[in-house]
Structures are given as C-alpha cells and as structure tokens.
Amino acid sequence: MSTSSRYPFTAIVGQDDLRLALLLNAVSPAVGGVLVRGEKGTAKSTAVRALAALLPPVRTVEGCRFSCDPAAPDPGCPDGPHPADGPGGERAARMVELPVGASEDRLVGALDIERALAEGVKAFEPGLLADAHRGILYVDEVNLLHDHLIDLLLDAAAMGASYVEREGVSVRHAARFLLVGTMNPEEGELRPQLLDRFGLTVEVAASREPDQRVEVVRRRLAFEDDPAAFAGRWAGEEAGLRERVAAARTLLPQVRLGDGALRRIAAVCAAFEVDGMRGDLVMARTATALAAWAGRTEVAVADVRQAALLALPHRRRRNPFDAPGLDEEKLDEVLRDAAADGPDDEPPTPPEGQAPGEPAGGDDDGPGPDGGGGGRPDPGDGAGDGSGGLPPQRTEDSGAPAPEDAPEALTGAEPGESGGGTPRPASAEQQAVAAGEPFRTKVLSVPGLGAGAAGRRSRARTEHGRTTGATRPEGALTKLHLTATVRAAAPHQRARGRSGRGLVVRRDDLRQATREGREGNLVLFVVDASGSMAARKRMGAVKGAVLSLLLDAYQRRDKVGLVTFRGREAEVALPPTSSVDAAAARLQALPTGGRTPLAAGLLKAHDVLRVERLRDATRRPLLVVVTDGRATGSPEPVALAARAAQLHAAEATASVVVDCETGPVRLGLAGELARELRGTAVTLDELRAEALTGLVKDVTDHHRARRAA
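The structure presented is a predicted model; accordingly, all values stated were derived computationally and were not measured.

Chemist: How should I be thinking about the overall build of the protein in this particular structure?
Modeler: Broken down by element type, the protein carries 21 helices and 20 strands. Across the protein, every contact between residues at least 6 apart in sequence was considered, and the portion connecting residues at least 24 apart equals 79%.

If you want it as structure tokens, here you go:
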C-alpha cells in the first residue's frame, strides 16, 4: 500500500487508548503487540495499517527472502549462509495481513514434497510469517481464526522462529514480529493462550459526541475524494511523529526502571491475581516505553499506573464470561500501599494536566501532546483529559464514550396473562433469577463422522488429527501419506529406469493422508422460561446447568444459539454465533412467567437450524432442549409439541432433553419428548461430570438404534 493511499495516523480522530498503545509498541516492540477490542466501524483496522508508516526502515541482506539483518544474519536462514557485513539494502517496515481463512501453508510456507522426494531438494516458498519478520503481523477478526493457525502463531511468537515440517523434511527461519489483532467481542472470545500473548489490550467505541463524529465523517470523505491530497495535508504531522518515535527508540536504553517501580509493578500484579509472570514483564516494558515516549530517563508512578491499565485487563479473566477490565480505585490503593511499604526512588508523578507519555515542560518541537488520552482517564477526570503524549489533533477532545449497552432483558408481562383477579404465582412475570454455580460437564457429541470446522466436540474428517487412510489428492497435496506413496511408486521403478538408491516418484504416485480429528458443532439451546419454571431455586439451577454447557461449548469451539419460549410464543434470544459470552449474558437476563408454548419453541428451533444448514451445511447441529416437558397455551398442546419434535427427528438432528422436573411426583413428560425427538433425556443431576459417565454412550446408542430401525 502506497503512502498516499494509506489514511494518516495523525488524522485519526479520538481513539486515544488505541493510538497510545500502538505508539508504545513502535517505540518498544518488546512490549508484545496490541489486541484491539471494540464494535464495528471504530477505526481499528485504519489505525493499525497507518502504524507501519511510522516505523523506522529495516536494513536487510540483499536478496534474502527472510529479511535477515546484515549486522547479525540468521545462521539458520534457508537463503543463507550470509557473509558477515555482506551487501545490504534498506526497505520500509512491512505490515502483513493474515486473512482469517488462510491455509496453514500460506501462513508458515510451503514445501514442494514432490521435488523433495524425487530430487532431494528443499524447495521452500516462504509464507506470511517470513514476510512479517521484523515488521507487523496484523490479524483482523483474530477471534475467528482457526485453532490450528492459532497454534502456529503461538509457537512462532514463543520461539521467534517458524518451523515447517513435512514427512521428515524440515525448514526453519526467524519470525519475530509485532502481533496486532482486532476483534469484535460480540463474535466470540479468544483462546486464553493467544490472549495472553498480546502485550496490551484496548477497548474502543465510537464517540457519542456529535462534534467529534462530524469531524470523523468530514475527514473520511475528504480522504476518499483525494487520498494523495489528504495525505499531503498531514505530511508534516506524520513526519514529526515519525521523528518522535525514532527519538524515543534512541532514548529507550537509557531509561531506568528503579526498585520502587518494580515493587509497584509486582504489587499490582499480585493484588489483581495475574497468572504467571508475563504480566509483570509487559508492565515493566510498557512503563519504560512510556517514560521514553515522554522524553524522560526515569519511570514515574504514573507510568506504572498507565502500564497497568493497558497490560492487565485481559489477564484478569477467570472464565470466558468475565468482561476484561480493571478496578481503577483498587489500582490507586495498591500503588499508594506499595509506596508506603517500599523505597520511593522514582521521580514524582508528573504534574496535574501532564500525562505519563507527555514530555516534561509540556512543549515539543515536533507534534506536541494534545488532549487525547493515553489510556483511560484518572478517576474523577473527564474523558479526554490527559494526553499520553499523542500527536496533535485538529479537533476538540472526544467526550467519554457511552458505556456498552447491558444485555437485553426479555421483560414485559404477557398480555392477558393476569386478567381479572390475582394471577397464580406460576403465571406471573418473574424477574430474572441469577444462575447457579456452573459445574464441569461431560461431552455431548453428535454421532457419526462429520466434516465441519475444526473444534473439540464430535468426530470428523479434518486437516489435523490421527491418520486413518490415504486417497489421491484432488488439488494441491497438503498432507502426504508417505507409505501409500511409496507403495504406489514401487511397482514402476524398473519401467522408469531407476538406477540408483533414490525412488523415482511421479505426481500420480502421491497420496493424500486422510485424517480424523474433532469438529465444532452448532449447539442450539431451547430453554423453557414459562411459569412452570418460575420457582427461583429451580430456575437458578436450570440457568446454572445451561451456563455449564455454554462453558463447555466455549472450550470446544462451538457455535451456540439460544431460543426461549414463554407466554404465547417463542423467540430467538440469540441467533447462532461464536460469542458464547453473549449467550451467557442473554441467559442471565432471562425472566420467567406465563404459559408453556413448547411446540412454538421447537418450531422456532427448526426454523433456525434450517437457515443454518443453508449457511453452513458442514456444521452439524446438536439440539439441547431444557424443559420439564409440560405444554400449555393452545388446543392439544402436547400433541402439537410431539409433531414439532418429529420434524427434528425426521432430519436426524442429534437431540438431548434436559429434564428439569423436580419433586417426589414426576410426570415423565420430558422423557416422552426425548422419545419423539429420538434423542436422549437426562436430569439436571446427571449433567454433572461425575454422574454423566454413560451419557455419551446413551446418545450414540439412541442414534444407532434409529439407523438400524
């Protein structure tokens, strides 16, 4: 992307946390990258793409495809060995994008197995990790990245190198890059291992200030009308910011991180129960980068505070349903206590009105600090106060973004339910009941062998897993079955004129390995929220069970959906999504009361699954109906529910009915519903892992019996 076609970094309006986090990584790549979380249309991708123009140029060995540094070339470079002090050139730092749907070979590189077997040549085509070496690797919608690509990213980030191995042929090259990811939390969360690899995290939201929104639109339209002219108007600010980044990089080795600052960092991480030591290290590097960005050689208390706000929120989550964040009052209290307990050898906090990243004296020859917030504002301050030393903006500071909307509560009394006299407690509208404590569940799997997206629930043909056979490749060979290939080539060696020890292999001999692993499924919950479920203790237990199954779905990389029924109809509380925490939020806000339109709930679920089969025919569904089996609200409600269940059975949808009926006298209606679905029924107690030993076998046996019938 040319400089004139890239939106200038200094032209971005607001988004102060985001700009500061990116600039700190430009100053000190050791900070470890940035994860940007936020809603759509908030300049996440624009800011990341603009960052590359601020990085200093990279010196590389001439002709090296792996960007080796002439001063210290990689001794294991596939294009090497390179002579010391060999010829070198200079190029701009790269910003390499990793598409969500990229293949493994596109990420790590591809080996030509045919040439390796026939000629003994390591013919290697570098991938995106090689392109991103000494630059930026950017992953938009990183939370949607496939698990096997995440594993490769984790390995490269941990070792600073990429390894490509195919049937005993291996290639290694250096892969050190600044990892930047953006994501919309509504579409699902990241695996904890990858989440921890990001040094900093920031939350972004669109401004609720009309003046700032007007300025955003004005600048964007001007850029689209004439990108070159727009970039030219901001060239001075861009050059000044680039110089300041270079100056901060030069100053960075001289910044002193004293014992007092280290004590505060350790105290903060301990107080917030941060797992491991990576949080401490990232905080130390971030605080040092903040001091260098401000033009100081000593880390101040405010630097430590700002570093905590950027480095710790995503490291405090204890389960997928916890929102990232940091209690700033507790943070200030911990910093005060640490100051009282240990020596104070840092410089004092910068004066009021001067943010951690702002140079002492407030004025700067280059782009001076404006109101843009390095991180979050101090408690009690208005949003936009404190700059973090960000480049100047030509508009007013943004107002404080509005808090995220709370999950929609399904409230409102059912019309006609309470007419005349005092309604029965079971039919009255009940407020949402808190979920019970979640517990570990055993796996519920879909029978048979699927071919869906990689996950951890049901058996499937996948790119990764144990080898089960071999077949002729339909396209490019990706996973060689060596034994089958040798068997195919062996009978033809004399006819092909083999004269030495090497095997004469042709393309027709190559065999692709077929592998079996696990897939993710679509788990659709159909939850009875009627008056028969209204007893608080009972509904709390039901929500706790569903929450436990949602946690299991998160760990197994499933998509989830939520259908609820109460009163006179059913509704899709959450369409199928990868955001398990969104489903948990909707579940927590679910009230109870009214009649029990069980048939409507099953028919709504049937409609949802029909649409999802059209969208993704390879993702197999698992229907989980949570009910006591009662049905009311229409003529012959039980018969209607049975006919609705038979629709699911006719399409061979794997089903489980969670029987919520309690008490000494039980009608067994949930069991009848399970038989109509040709599924299996379990009680709430049987969902627990310790009591669920035979459940997977029961589900499988039911479906085997159906096929035999």
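Chemist: Even after reading the chapter, I still don't get the pattern of salt bridges, so can you show me in this structure?
Modeler: Pairing between side chains of opposite charge can happen when the charged atoms of each approach one another. Counting across every chain of the model gives 30 salt bridges. With a closest N to O distance of 3.5 Å, Arg466 and Glu516 form a salt bridge. Highlighted residues: Arg466 in strand 13 (residues 466-471) and Glu516 in strand 14 (residues 512-519), separated in sequence by 50 residues. Classification of Arg466 by relative accessible area gives exposed; the value is 52%. Each of Arg457, Asp552, Arg556 and Asp558 takes part in salt bridges that share partners, so that together they form one network.

Chemist: Would you mind going over the sheet that holds strand 19 (residues 654-659) with me for this structure?
Modeler: Strands belonging to one sheet form pairs held by backbone hydrogen bonds; the direction of such a pair is parallel or antiparallel. The strand order 17-16-15-18-19-20 describes an open sheet built from six strands, whose pairing is mixed. Looking at strand neighbours, the two that pair on one side only are strand 17 (569-577) and strand 20 (680-683), the edges of this open sheet. Between one strand axis and the next, the sheet turns by 20° as a mean value, whatever way the strands run. Note that strand 15 (residues 522-528) and strand 16 (residues 559-566) share seven bridges and pair parallel. Its bridge partner being in strand 16, Val523 is matched across the sheet by Val560. Most of the contacts of helix 20 (residues 669-677) go to strand 19, to which it runs at about 180°, and overall it touches strand 18 (621-627), strand 19 and strand 20.

Chemist: What should I look at first to understand the packing of aromatic side chains in this one?
Modeler: For any pair of aromatic rings, geometry is given as the distance between the ring centres together with the angle between the planes. Tallied over the entire structure, the rule returns four aromatic pairs. Arranged with centres 5.1 Å apart and planes meeting at 70°, the rings of Tyr7 and Phe223 form a pair that is edge-to-face. Of this pair, Tyr7 sits in the segment before helix 1 (16-27) while Phe223 sits in helix 8 (residues 210-225), placing them 216 residues apart in sequence. With respect to class, Tyr7 is no different from Phe223; both count as buried. Centroid distance Tyr7 to Phe230: 5.3 Å. Interplanar angle 35°. Geometry classified as tilted. A residue pair is termed long-range when its members are at least 10 positions apart, and Tyr7 in the segment before helix 1 and Phe230 in helix 9 (residues 227-233) qualify at 223 residues. For Phe230, a relative accessible area of 3% corresponds to the buried category. Clustering of aromatic rings is evident, with ring pairs tying together Tyr7, Phe223, Phe230 and Trp234.

Chemist: Got a minute to help me understand helix 12 (residues 278-293) in this structure?
Modeler: The periodicity of an α-helix, 3.6 residues per turn, causes residues three or four positions apart to be oriented the same way. In this model, helix 12 (16 residues) spans 22 Å end to end at C-alpha, consistent with the 22 Å of a helix rising 1.5 Å per residue. The buried fraction of helix 12 is high, at 13 of 16 residues. Phi for Gly295, located one or two positions after helix 12, is positive at around 85°.

Chemist: It is not clear to me how the environment of Leu547 should be interpreted in this structure. Could you clarify?
Modeler: The topology assignment puts Leu547 in helix 16 (residues 536-555). For Leu547, a relative accessible area of 7% corresponds to the buried category. Between the C-alpha atom of Leu547 and that of Val580, which follows or precedes it by 33 residues, the distance is 9.5 Å.

Chemist: Is there a simple way to explain the nonpolar core in this structure?
Modeler: The tendency in soluble globular proteins is for nonpolar side chains to be buried as a group. Judged by nonpolar contacts, the single largest core of 67 residues is most densely connected at Leu22, Val268, Met283 and Trp293. Element by element, the count of residues in this core is highest for helix 12, at nine residues. Setting aside chain neighbours within four positions, we find Val268 in contact with Met283, Ala308, Leu312, Leu331, Val334 and Leu335. Residues Phe124, Ala130, Leu145 and Leu190 belong to the second largest nonpolar core, which totals 37 residues.

Chemist: What is the right way to look at empty space enclosed by the protein in this model?
Modeler: Evaluated as defined, the whole model comprises five cavities of 30 Å³ or more. By volume, the largest cavity is sized at about 60 Å³. If you trace the largest cavity, you find it lined by Leu522, Lys559, Leu609, Glu612, Arg613, Asp616, Arg619 and Pro621. The element that contributes the greatest number of residues to the lining of the largest cavity is helix 18 (residues 598-615), accounting for three residues. Looking at side-chain class alone, the lining of the largest cavity contains three nonpolar, no polar and five charged residues.

Chemist: Looking at this structure, how should I read the sheet that holds strand 10 (residues 178-183)?
Modeler: Taken in spatial order, the five strands of this open sheet run 4-7-10-1-11, and their pairing is parallel. Each edge of the sheet is formed by a strand with only one pairing partner; in this case those strands are strand 4 (95-97) and strand 11 (200-204). Averaged over all neighbouring strand pairs, the angle between strand axes comes to 20°, with direction disregarded.

Chemist: When you look at the side chain of Arg619 in this model, what are you seeing that I'm missing?
Modeler: Topologically, Arg619 is positioned in the loop between helix 18 and strand 18. A distance of 3.5 Å separates a polar side-chain atom of Arg619 from the backbone oxygen of Asn521. Ignoring sequence-local partners within four residues, the contact set of Arg619 consists of Ala453, Gly520, Asn521, Leu522, Arg557, Asp558 and Lys559.

Chemist: Sorry, what's going on with the state of the cysteines here?
Modeler: The bond known as a disulfide is covalent and runs between the sulfur atoms of two cysteines. Counted by the stated rule, this structure contains zero disulfides. Considering cysteine sulfurs only, Cys77 is the nearest to Cys64, which forms no disulfide, with 3.6 Å between them. Given a relative accessible area of 11%, Cys64 falls into the buried group.

Chemist: Even after reading the chapter, I still don't get the packing of helix 1 against helix 12, so can you show me in this structure?
Modeler: Two packed helices can be described by the angle between their axes and the distance between those axes. One can describe the packing of helix 1 onto helix 12 by two numbers: an axis separation of 9 Å at closest approach and a directional angle of 90°. Taken together, the axis directions place helix 1 and helix 12 in an arrangement best described as roughly perpendicular. Along its contact with helix 1, which presents Leu20, Leu23, Leu24 and Val27, the element helix 12 presents Thr286, Ala289, Leu290, Ala292 and Trp293. Here the contact of helix 1 with helix 12 is built from residues that sort into eight nonpolar, one polar and no charged.

Chemist: What is the right way to read helix 11 (residues 259-271) from this model?
Modeler: The end-to-end C-alpha distance of helix 11 is 18 Å, a good match for the 18 Å that 13 residues give at a rise of 1.5 Å each. For helix 11, the full list of buried residues reads Gly260, Ala261, Arg264, Ile265, Val268 and Cys269. Two residues or fewer after helix 11 comes Glu273, characterised by a positive phi angle close to 55°.

Chemist: Would you explain the confidence of the model for the protein in this entry?
Modeler: Keep in mind that low pLDDT regions are not for reading the predicted coordinates in detail. Mean pLDDT for the protein: 79, with 80% of residues reaching 70 or above. Note that residues 360-387 has pLDDT below 50 and, in this model, 77 contacts with residues that lie over four places away or in other chains. With pLDDT under 50 throughout, residues 691-700 is counted as low confidence; its partners more than four residues away or in other chains account for 17 contacts.

Chemist: Before we go on, may I ask you to explain a nonpolar patch on the surface in this structure?
Modeler: A cluster of nonpolar residues, Val216, Val217 and Leu221, forms a patch on the protein surface that exposes about 240 Å² of accessible area. Here Val217 shows up in helix 8.

Cut-offs and rules
- Residues numbered from 1 in each chain as written.
- Predicted model: local features only at pLDDT ≥ 70, side-chain atom pairs only at ≥ 80, totals over all residues.
- Heavy atoms only, no water.
- Helix = DSSP H or I, 4+ residues; strand = E, 2+ residues; numbered from the N terminus.
- Contact = heavy atoms within 4.5 Å.
- Salt bridge = Lys/Arg side-chain N within 4 Å of Asp/Glu carboxyl O.
- Buried < 20%, exposed > 50% of the residue type's maximum accessible area, 1.4 Å probe, protein only.
- Pairing = 2+ DSSP bridges.
- Axes fitted to C-alpha atoms, helices over the stretch in contact; angles between N-to-C directions.
- Phe/Tyr/Trp six-rings, centres within 6.5 Å; stacked < 30°, edge-to-face > 60°.
- Expected span 1.5 Å × (residues − 1).
- Core = buried A, V, L, I, M, F, W, Y, C linked by side-chain atoms within 4.5 Å.
- 1 Å grid on protein atoms, 1.4 Å probe; cavity = no way out; pocket = protein on both sides within 12 Å on 5 of 7 lines; lining within 4 Å.
- Points joined across faces, edges and corners; volume = space filled by probe spheres on them.
- Nonpolar A, V, L, I, M, F, W, Y, C, P; charged D, E, K, R; others polar.
- Polar contact = N/O pair within 3.5 Å; in protein donor to acceptor, adjacent residues only side chain to side chain.
- Disulfide = S-S within 2.5 Å.
- Parallel < 35°, antiparallel > 145°, perpendicular 65-115°, else oblique.
- pLDDT = per-residue confidence, 0-100.
- Patch = residues over 30% accessible without salt bridge, like charges linked within 9 Å, V, L, I, M, F, W, Y side chains within 5 Å.
- Areas by Shrake-Rupley, 256 points an atom, 1.4 Å probe, with all protein chains shown as cover.

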